[in-house]
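Analysis of the macromolecular model
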Amino acid sequence: MYRMSSRCGVCFMLLSLVRFAENQTLYSAIRDEEGPELQALKTNVKDLKEELRVIQEALPQKHSCPPNWYSFGSSCYLVNPNPKSHEDAALSCIMHGSKLVEIETQQENSFLKTILKPGEYWTGGTDSVSENQWVWPMTGKSLTEFNDWGDEEPNDQNGAEGCLEFTTRRRDEWNDNACNTTFTFICEKTSVF
């Protein structure tokens, strides 16, 4: 972490030097027209720009996630192995500065399949506000744009299934389940760039 902060500091310093040199070049051009000093400044600016490019290439291009979190797109994901009810899982994610995962694309869904072990995992999906109106509550988005429900799901079995689980025991699909059931769960938060 120190090495990355140090490199970022060097990048900002070099960028400041490049900007200073460019301003000096403009000032000199106005004052002296094109003289040997201007040529030397242009050379220095060119060298500094090249040095900055090399440093930027050495820095990671991806965003970063905390330890034990997985990175995909602009999000970080934590698979919490401690089973909790849907509500307690949501609170646990909030305590980690995140939310229960909201799976909005096929690509995100496919990524999650690659990191999950066989089991059941709570996601943020729920129809607890309005029956059969499934939403991601933290964003308010409906699950109509993308979903991966299993056959004949959601079925609200016994009228008591209002929370969305991602199950990887059968065919990696979504299922509705009773919110007080305890499952492991997936937290999601925006990554730091």
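Preceding this paragraph is the structure being described.
Note that the structure is a prediction, hence the values are computed from the model and not measured.

Some thoughts on the pairing of strand β7 (residues 163-167)
It is a general feature of regular strands that their side chains alternate between the two faces of the sheet. Most of β7 sits out of view: five of its five residues are buried. Side chains Cys-163, Glu-165 and Thr-167 of β7 all project onto a buried face; the interleaved residues Leu-164 and Phe-166 project onto the opposite face, where all are buried too. Alignment of strand β4 (residues 120-126) against β7, held across four bridges, turns out to be antiparallel. Residue Thr-126 lies in a different strand from β7, and its bridge partner there is Cys-163. Alignment of β7 against strand β8 (residues 173-177), held across five bridges, turns out to be antiparallel. What sits directly across from Glu-165, in β8, is Asn-175.

Some thoughts on the nonpolar core
Counting 17 residues, the largest nonpolar core has Ile-103, Leu-112 and Trp-174 as its most contacted members. Within the residue set of this core, elements represented by two or more residues are α4 (106-115) and β7. Top contributing element to this core by residue count: α4, with three residues. Dropping the residues within four chain positions of it, Leu-112 is found in contact with Tyr-77, Val-101, Ile-103, Phe-166 and Ile-186. The next biggest cluster of nonpolar side chains, apart from the first, holds eleven residues, and it includes Cys-93, Leu-100, Trp-122 and Phe-183.

Each value, and the rule that gives it
- Residues numbered from 1 in each chain as written.
- Predicted model: local features only at pLDDT ≥ 70, side-chain atom pairs only at ≥ 80, totals over all residues.
- Heavy atoms only, no water.
- Buried < 20%, exposed > 50% of the residue type's maximum accessible area, 1.4 Å probe, protein only.
- Helix = DSSP H or I, 4+ residues; strand = E, 2+ residues; numbered from the N terminus.
- Pairing = 2+ DSSP bridges.
- Core = buried A, V, L, I, M, F, W, Y, C linked by side-chain atoms within 4.5 Å.
- Contact = heavy atoms within 4.5 Å.

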